Each structure stands twice: as structure tokens, then as C-alpha cells.
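For reference, the chains in residue letters:
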Amino acid sequence: IISYAPIILQGTKKNPINMTGKGDSYWNGITVIIANDQSKILNTNLSNIEGISSKYWAITGGVSFYKSNIYINNVFIKNINTEDGLNIISSKFEINNLNIENSISDAFDSDFSQGELNGGSYINIGFKGGGDGIDFSGSNVRAKNITFESISDKAMSIGENSIFEGSDISVKNSSVGIASKDGSNVNITHSKFEDISLSALMAYKKKQEYTNSQLTSKNITFKNVLNKAISQKGTTILIDDKKIDTESLDVNNLYNTKMKKNLINKTYE
């Protein structure tokens, strides 16, 4: 579905809208481009999605909004065979109870957008080729009550001068919990990290054109994490007002080794 006008999918909790591929096949998903009003997706299940691809152009998001504001409430996106499950670009959004499961790469990618996330979960993400639960670039977002489980790379990657404020974030079984990178400013409270193979919190610079990033956290619970925090020289991480010692970090090597793709190798039916 490609639309240059707002779309409205309005199911109910008792009778949700279900959109999926025919049989075992995949469909190309939904793309909204420069709509003149807010789109709405409510009580809807979207599954077996891949991006739009043709000879001359492609859209890598299973569900994409470009310069098109969007309201999402009680939506389940499952079995995603493309670069991003949900991709929001240069738009405003309000998302409540979004659940994304079984994605070969990133689950939700927000580029140069602003909005709020309330509730929801991200499960089994990046199992084929690596991927993040949520990837923010140049965005300004608030989030609360979000759950992540079985994420191959980072539960939340916050980069390119993004501003993020989150509370009640739960991450279990991930390489990295939350990463603040490339000039981003992150504030996390009342959150927990469990079974983290590299680091619960990270701050670093990957792209030299950006300034250093910072991450402030309070009331955080750590359980079975290799590192509570890794802070590259020049960046700042605070845990309950205590500054974490910085260290030299070869980010490119890190992405090719400990953050290497396919850390979680799972399949789904």
C-alpha cells in the first residue's frame, strides 16, 4: 500500500484488523508519503512483511511514514523480512503499545522525527544479520514502559544528535542495553538490564563529524551484565550522579567483533 494521503486502520480490541501475506508469502507493507493530515493505526496486526522493491527504487521499511504524522495504538508487527519493521522519517508520532516481534534487522527506526512512546515490546530482533530494537537518528523522543528481549545488537541506539528521555525501560538478553552516540543526549531512570553480553550502557562517537555524547541514569538495576557502562574518552556517563571512568575505544573494531552481526541466530515459523 502506497499512499500520499493519510491512512486510517481502525480495528477494535475484540475485532482487530489483520493484514498478512497470502499463505506463507510476504507482502510489501505500507508506505505513507507527505500526507496532509495524521494517519492512524489502531488495534491492528501486521505480519509477514517485506519492503517495497522495484527496478528503480526501494523502501526498506515494512511500515513507513515520510513527512507524515502518525498515531499508533495497540499494534502488533510480526515476522519482518526487511531492514526496518517501522520507519518514521521527518514526522511527528505518538505510539502506544506497539509490539514488534521477529525482525531480521531493526525493529523501529526513527529518523529526524519527534514523538512519544508509551508501553510495548520488542522481541527477537536482528536474528539474521544483526539489528537494534529501536534506532533513533536526529530525533527527539520520550519513552516509558518499554520492554526489550533477545536483541542481537543494541536494545536502543540513540545517535546523530538525538535527545532521548526514558523511564521504566526493561532490557533482557541483548549485546548492549542503551547506547548514546554521536552527539546525543540520553536520560534514563527507573530501568533494568539483565543478561547483557557487552554493556548495559554505552557512550561513544562513531562518526567524526559529530560531538561527543552523554548518558545520565538514575535508579538503574543491573543483573548478570558483563559491564554496567562503557564510556569512550570524551563522552560522559553518569550512574546515580557518579561519573564512569572513560577509556579508549576502537569503535570500528568493536562493530566488527563484539557487536558483530548474528550474535543471536534464531528462526521463526
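These notes cover the structure that comes with them. The shown structure was predicted, so the numbers you read here are calculated from the model rather than taken from an experiment. Along each chain, residues carry numbers from 1 onward, in the same order as the chain's sequence is written. This being a predicted model, a pLDDT of at least 70 is required before a residue's local features are given, and a value of 80 or more before pairs of side-chain atoms are given or counted; all residues contribute to the totals for chains, interfaces and linings. Side-chain numbers come from the whole structure's heavy atoms, not from hydrogens or water.

For this analysis, a ring pair means two rings from Phe, Tyr or Trp (six-membered ring only for Trp) whose centres lie within 6.5 Å, classed as stacked if their planes differ by under 30 degrees, edge-to-face if by over 60, and tilted for the remaining angles. Inspection of the entire model under this criterion finds five aromatic pairs. Here F136 and F164 contribute two aromatic rings whose centre-to-centre distance is 5.6 Å and whose plane-to-plane angle is 35 degrees, an arrangement assigned as tilted. In this pair, F136 sits in strand β14 (residues 134-137) while F164 sits in strand β16 (residues 163-181), placing the two residues 28 residues apart along the sequence. Grouping residues by exposure puts F136 and F164 together as buried. Between F193 and F222, the aromatic rings sit 6.1 Å apart at their centres with planes inclined by 20 degrees, giving stacked as the arrangement. In this pair, F193 sits in strand β17 (residues 185-204) while F222 sits in strand β18 (residues 214-225), placing the two residues 29 residues apart along the sequence. Overall, F193 belongs to the buried group, its relative accessible area being 1%. Through pairs of rings, three or more aromatic residues link up here, namely F93, F108, F136 and F164. Secondary structure is summarised from DSSP: a helix means a run of H or I of at least four residues, a strand means a run of E of at least two, and numbering begins at the N terminus for each. Each residue gets one of three labels from its accessible area relative to the maximum for its type: buried under 20%, exposed over 50%, partly exposed in between, using a 1.4 Å probe on protein chains only.

What follows deals with the pairing of strand β9 (residues 70-80). With nine bridges connecting them, strand β5 (residues 39-49) and β9 associate as parallel partners. Residue I41 lies in a different strand from β9, and its bridge partner there is I72. Two strands are counted as paired when DSSP detects at least two bridges linking them.

Along the chain, N102 falls in strand β11 (residues 92-103). On the accessibility criterion, N102 (7% relative accessible area) is buried. In terms of polar contacts, N102 uses its side chain to reach the side chain of N124, at 2.9 Å. Distance and chemistry together define a polar contact, namely a pair of N or O atoms within 3.5 Å, with one atom able to donate a hydrogen and the other to accept it when in protein, and with adjacent residues in sequence counting only for side-chain atoms on both sides.

This next bit is on the side chain of S103. As for its placement among the helices and strands, S103 is situated in strand β11. Whether two residues are in contact is decided by their heavy atoms: any pair within 4.5 Å suffices. The contacts of S103, once residues within four sequence positions are left out, are I80, N124, I125, G126 and F127.

Let's shift gears to unusual backbone geometry. Leave glycine aside and you will find that most residues have negative phi; peptide bonds, for their part, are mostly trans. Even without being a glycine, N102 presents a positive backbone phi close to 65 degrees. Of note, N124 is a non-glycine position whose phi angle comes to about 60 degrees, a positive value. Assignment of secondary structure puts N124 in strand β13 (residues 114-125).

Note that every value here comes from positions in space, so none of it alone points to a role or purpose.
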